[in-house]
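Single-letter residue listing:
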Amino acid sequence: MTTSTFGELRRDRSGRAVRFERRYATDIADLWAACTEPDRLARWFADVTGELVVGGQAFVGFRDGDHTETTIRRCEPPHVLELDWAFGEEAVSVLTVELTATDDGTLLVLDHRALPTSSATGYSAGWHAYLDLLDACLADRETSTWQQRFNELIDDYRNAPVARR
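Throughout this document, residue positions are counted from 1 along each chain, in the order its sequence is written. Side-chain atom pairs in this predicted model are given and counted only at pLDDT of 80 or more, local residue features only at pLDDT of at least 70, and totals for whole chains, interfaces and linings cover all residues. In computing side-chain properties, one takes all heavy atoms of the structure into account and sets aside hydrogens as well as water.

Draft legend 1. Spotlight on the overall build of the chain. For the chain, the helix and strand inventory stands at four helices and eight strands. Labels follow the DSSP assignment, with helices taken as runs of H or I lasting at least four residues and strands as runs of E lasting at least two, numbered in each case from the N terminus. In the chain, the succession of α and β elements from N to C terminus is β-β-α-α-β-β-β-β-β-β-α-α. The reference for a compact globule is 2.2 Å times residues^0.38; the radius of gyration itself is calculated from the C-alpha atoms. Relative to its length of 165 residues, the chain is compact, with a C-alpha radius of gyration of 15 Å against a globular reference of 15 Å. Along the three orthogonal principal directions, the C-alpha set of the chain runs to about 35 × 35 × 30 Å. In the chain, which comprises 165 residues, the share counted as buried stands at 46%. What makes two residues a contact is simply this: any of their non-hydrogen atoms within 4.5 Å. Considering only intrachain contacts with a sequence separation of at least 6, the fraction spanning at least 24 residues in the chain is 46%. Each accessible area is a Shrake-Rupley result for a 1.4 Å probe, and residues are judged covered by the shown protein chains and nothing else. Here the chain displays about 8700 Å² of accessible surface, and carbon together with sulfur accounts for 48% of that area. A 1.4 Å probe rolled over the protein chains alone gives each residue an accessible area, and that area as a share of the maximum for its type sets the label: buried under 20%, exposed over 50%, partly exposed in between.

Encoded structure:
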């Protein structure tokens, strides 16, 4: 994993966005599987059901009872997954995950845009916590829970500058 794991919170045309760049010490096929296969996603993220095809619908059930409905915009295994993210009453946002093979593993770029300004810091801390869980899962090591990690991070994201792009 990279040394700096902090995401960049920025303004975008539809509110806010957050971007993470993480390097994982695994090959691109394994990281793609960890990000797309339901049994692997359940280990670090949430219960996910649905079709991983363009236009397909997926349902994300979080452990706290919340859920998100998604529609797949792009699916180019093992490089790009982009989807519309519909959480509760919020406007639909766009989540993109891009994977690139590197000499020492795989670079994952997660970009979540068109986020409501009022909840962008929560998304930032949340994705940060989930990506930390992904790293621990890939390394087969124990780590704190998502909620513990989120609680550790949220104030840092509340105090972080918002970049202009």
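We are not done yet, so read on.
Draft legend 2. Spatial organisation of the sheet that holds strand S2 (residues 15-24). Each pair of strands is called paired provided DSSP finds at least two bridges between the two strands. Pairing is antiparallel across the open sheet formed by eight strands, whose spatial order is S1-S2-S8-S7-S6-S5-S4-S3. Here the strands that pair on one side only, and so sit at the sheet edges, are strand S1 (8-12) and strand S3 (47-50). When the angles between neighbouring strand axes are averaged without regard to direction, this sheet yields 25 degrees. Pairing geometry for S2 and strand S8 (residues 105-115), over eight bridges, is antiparallel. Interaxial angle, 0 to 180 degrees, is taken between N-to-C directions of lines fitted to C-alpha atoms, where a helix line uses only the stretch in contact.

Draft legend 3. Examining helix H3 (residues 120-138) more closely. Every helix has an expected span of 1.5 Å times one less than the residues it contains. For H3, spanning 19 residues, the distance from its first C-alpha to its last is 27 Å, which sits close to the expected 27 Å at 1.5 Å a residue. A large share of H3 lies buried, amounting to 15 of its 19 residues. The first or second residue beyond H3 is Asp 140, which carries a positive phi of 55 degrees.

Draft legend 4. Representation of the side chain of Thr 36. As for its position among the elements, Thr 36 is in helix H1 (residues 28-36). Classification of Thr 36 as buried rests on a relative accessible area of 14%. Side-chain atoms alone can form a polar contact between residues adjacent in sequence; in general such a contact is a pair of N or O atoms within 3.5 Å, and within protein one must be able to donate a hydrogen while the other accepts it. A polar side-chain atom of Thr 36 sits 2.7 Å from the main-chain carbonyl oxygen of Trp 32. Excluding anything up to four places from it in sequence, Thr 36 contacts Leu 41, Leu 52 and Leu 81.

Draft legend 5. Up close: the packing of H3 against helix H4 (residues 146-159). In contact at an axis separation of 8 Å, H3 and H4 are set at 135 degrees when each is read in the N-to-C sense. Judged by the inter-axis angle, H3 sits oblique to H4. Crossing of H3 over H4 shows right-handed handedness. Counted together, Thr 121, Gly 122, Ser 124, Ala 125, Gly 126, His 128, Ala 129, Tyr 130, Asp 132 and Leu 133 of H3 and Trp 146, Arg 149, Phe 150, Leu 153, Ile 154, Tyr 157 and Arg 158 of H4 form the full contact between these two elements. Under the scheme applied, nonpolar residues are Ala, Val, Leu, Ile, Met, Phe, Trp, Tyr, Cys and Pro; charged residues are Asp, Glu, Lys and Arg; polar residues are all the others, including Gly. Residue composition of the contact of H3 with H4, grouped by class: nine nonpolar, five polar and three charged. An angle counts as roughly parallel when it lies under 35 degrees, as roughly antiparallel when it exceeds 145, as roughly perpendicular when it falls between 65 and 115, and as oblique in every other case. By the definition used in this description, the sense in which the near helix is turned from the far one sets the handedness, with an anticlockwise turn below a right angle giving left-handed and a clockwise turn giving right-handed.

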